Amino acid sequence: MRKNKPYCTDENWIGRTNCTHCAIRSTVLFSVLSEAELEEALLEIDNQWYESGAEVFSQDAKAGYVYTVRSGCLKMVHELDDGSCRRIVRMHYRGDAVGLEALLGQPYRHSAVALQKTDICRIPVGVIQNLRNHNAQLHGQLMQRWQTSLDEADSFITDLNTGHAESRLARLLLKLESHSEHHHGIPDLLREDIAAIIGVTVETASRLMADFRRRKLISNVESRAMRCDLAALKSLV
């Protein structure tokens, strides 16, 4: 599968990472590491691309890795034990770290699923623990990532689960746009995902999206991607 490409920044390069040349190195978990520390860590870090809908890890699975999002977007999905309820509790974007509960020796609390084609670095827990023993700044980076996850979960409660359904959908699209890599647009979410995020039925989500398209608040730019009329959406919130 691996082709002779220079760096893992090319989607055809599957396998070992090259953080020295990473376009978002300044924003990711290992931004505080020296060149020597990076070289040691890279021996065990893998880089993979996940297609839209692919599962990165599953809820309750044994957690042995932390994952960094290099591009794209992940949804964190929680399902009750009896399967009666499935909710998307937060999303993660470029530069975010997910699966941090692995550092506590706990199983993954949610499933992580790609919302669009997503570039992921998979970091063994042992690598992070070893580096943390030698680099005090890494502890601060980990705390920052935990706070980012808490902030995103809080945003889901305060922004996406209050107010009229139309306003909640507008806030969701604006949130995605604020994290988008603009040349790709935002992911054209499944109606089931919209319903699970903003707390409406699938039928209501479908009706709202059709209405937004009719009013030209959103438009498709390519397969599974959309553009938004930001000014018009902001007028709805």
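Scroll up a little and you will see the structure.
I will try to describe carefully the structure that is included in this document. (Residues numbered from 1 in each chain as written. Predicted model: local features only at pLDDT ≥ 70, side-chain atom pairs only at ≥ 80, totals over all residues. Heavy atoms only, no water.)

## Some thoughts on unusual backbone geometry
Here is step 1 of the chain: Even without a glycine there, the phi angle at Asp60 is positive, about 75 degrees.
Here is step 2 of the chain: Take Asp60: it is sitting in the loop between strand S3 (55–57) and strand S4 (65–71).
Here is step 3 of the chain: Positioned with a positive phi, Lys216 is a non-glycine residue whose angle comes to about 60 degrees. (Helix = DSSP H or I, 4+ residues; strand = E, 2+ residues; numbered from the N terminus.)

## Description of the pattern of salt bridges
Here is step 1 of the chain: The full count for this structure, using the stated rule, is 11 salt bridges.
Here is step 2 of the chain: A salt bridge links Asp193 to Arg86; the shortest N-O distance between them is 3.2 Å. Of this pair, Asp193 sits in helix H5 (residues 191–198) while Arg86 sits in strand S6 (residues 86–92); the two residues are 107 residues apart in sequence, bridging distant segments of the chain.
Here is step 3 of the chain: We note a salt bridge from Glu152 to Lys175, for which the minimum N-O separation is 3.3 Å. One end of the pair, Glu152, is in helix H3 (residues 136–160); the other, Lys175, is in helix H4 (residues 165–178), and 23 residues separate them in sequence. Neither Glu152 nor Lys175 differs from the other in exposure class; each is buried.
Here is step 4 of the chain: Three or more residues joined by partner-sharing salt bridges are found here, namely Glu166, Asp211, Arg214 and Arg215. (Salt bridge = Lys/Arg side-chain N within 4 Å of Asp/Glu carboxyl O. Buried < 20%, exposed > 50% of the residue type's maximum accessible area, 1.4 Å probe, protein only.)

## Some words on the packing of H3 against H4
Here is step 1 of the chain: H4 packs onto H3 with a crossing angle of 150 degrees between their chain directions and a minimal axis gap of 9 Å. Only Arg168, Arg171, Leu172 and Lys175 of H4 make contact with H3, whose side of the interface consists of Glu152, Ser155, Phe156, Asp159 and Leu160.
Here is step 2 of the chain: In the contact of H3 with H4, the residues fall into 3 nonpolar, 1 polar and 5 charged. (Axes fitted to C-alpha atoms, helices over the stretch in contact; angles between N-to-C directions. Contact = heavy atoms within 4.5 Å. Nonpolar A, V, L, I, M, F, W, Y, C, P; charged D, E, K, R; others polar.)

## As for H5
Here is step 1 of the chain: Within H5, 6 of the 8 residues are buried, leaving the element largely enclosed by the surrounding structure.
Here is step 2 of the chain: Immediately downstream of H5, the backbone of Gly199 shows phi near 70 degrees, a positive value.

## Here we look at the sheet that holds strand S8 (residues 111–114)
Here is step 1 of the chain: Taken in spatial order, the 4 strands of this open sheet run S3-S8-S5-S6, and their pairing is antiparallel. Across the chains shown, the open sheet's two edge strands, defined by having one partner strand only, are S3 and S6. On average, each strand axis in the sheet is tilted by 35 degrees relative to the strand beside it, whichever way the strands run.
Here is step 2 of the chain: Pairing analysis gives 2 bridges linking S3 to S8, with the strands arranged antiparallel. Residue pairing across strands places Phe57 opposite Ala112, the latter belonging to S8.
Here is step 3 of the chain: Contacts between H5 and the sheet are confined to strand S5 (74–79) and S6, with S6 contributing the most and set at about 90 degrees to the helix. (Pairing = 2+ DSSP bridges.)

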